[in-house]
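# Working through the structure, step by step
Residue strings, one per chain:
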Amino acid sequence: CWFRNRRSILSQSARQIAVALLARRDYSRLQIRDKLLEKGFELNDIEPVLDACESSGFINDNRYAELLVRSHISRGHGAIRIRQAIAQKGLSKDCIEAAITNSDCDWFELAKDKATKKYGIPRVTEVKGSTARDLIAKEKAKRVRFLMGQGFSYDQITYALDSDPNDLDDDY
């Protein structure tokens, strides 16, 4: 029957497209599904292809989540921003949480490093030579907003902004 033959041709080419995409870089199962839908394949042709790719190890959402977490940590992003960015890739909350937990990242130190890189001395003691309280409060609020936008919690931000790289650590 021509219909069965057409279906196997579509299925084969869907598999070829999926494997070609995955050969370049990792994708989530949802991303590959969406790309195949954009190419005009039917959902009932796509699901067996995705299952085959998953069983072959070409698609692994846990591996992809860990890769994304490492990538975001290297950019200095906090856990909140990482969760949001990875969720947009179509990965499950459990998968995201497992990847973040397995990252062994010290989020407090990452926030401190990000603040130090951006501001030099994260602790606000003066603004443009002035010690006026309102200017210091505005500058501190600006720094808090920046770090919140980077995905850090308020506790992590407080830790980062209370640190001073000129203070000697107990390690010395």
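Placed above this text is the structure.
What this report covers is the structure whose coordinates are included nearby. (Residues numbered from 1 in each chain as written. Predicted model: local features only at pLDDT ≥ 70, side-chain atom pairs only at ≥ 80, totals over all residues. Heavy atoms only, no water.)

## Digging into unusual backbone geometry
The phi angle at D104 is positive, at roughly 55 degrees, despite the residue not being glycine. Checked against the element boundaries, D104 lands in the loop between helix 6 (93-102) and helix 7 (107-119). (Helix = DSSP H or I, 4+ residues; strand = E, 2+ residues; numbered from the N terminus.)

## Details of helix 4 (residues 61-74)
When the terminal C-alpha atoms of helix 4 are compared, their 20 Å separation across 14 residues agrees well with the 20 Å that a helix rising 1.5 Å per residue should span. Restricting attention to buried positions, one finds in helix 4 the residues D61, Y64, A65, L68, V69, H72 and I73. Along its buried surface, helix 4 packs onto helix 2 (29-38), helix 5 (79-87), helix 6 and helix 7. At the N-terminal end of helix 4, a side-chain oxygen is found 3.1 Å from the backbone nitrogen of N62, two or three residues along, and the residue is N60. Phi turns positive, to about 85 degrees, at G76, one or two residues after helix 4. (Expected span 1.5 Å × (residues − 1). Buried < 20%, exposed > 50% of the residue type's maximum accessible area, 1.4 Å probe, protein only. Contact = heavy atoms within 4.5 Å. Polar contact = N/O pair within 3.5 Å; in protein donor to acceptor, adjacent residues only side chain to side chain.)

## Observations concerning the packing of aromatic side chains
Summed over the entire model, instances satisfying the criterion amount to two aromatic pairs. Centroid distance Y119 to F146: 6.0 Å. Interplanar angle 85 degrees. Geometry classified as edge-to-face. Of this pair, Y119 sits in helix 7 while F146 sits in helix 8 (residues 133-149), and the two are 27 residues apart along the sequence. The class of Y119 is buried, set by a relative accessible area of 18%. Using a relative accessible area of 21% as the deciding quantity, one classes F146 as partly exposed. The ring of Y27 is capped by R25, whose NZ or CZ atom sits 4.0 Å from the centre of that ring. The cationic tip of R143 hangs over the ring face of Y119; the distance from NZ or CZ to the ring centre is 4.3 Å. (Phe/Tyr/Trp six-rings, centres within 6.5 Å; stacked < 30°, edge-to-face > 60°. Lys NZ or Arg CZ within 6 Å of the ring centre and 35° of its normal.)

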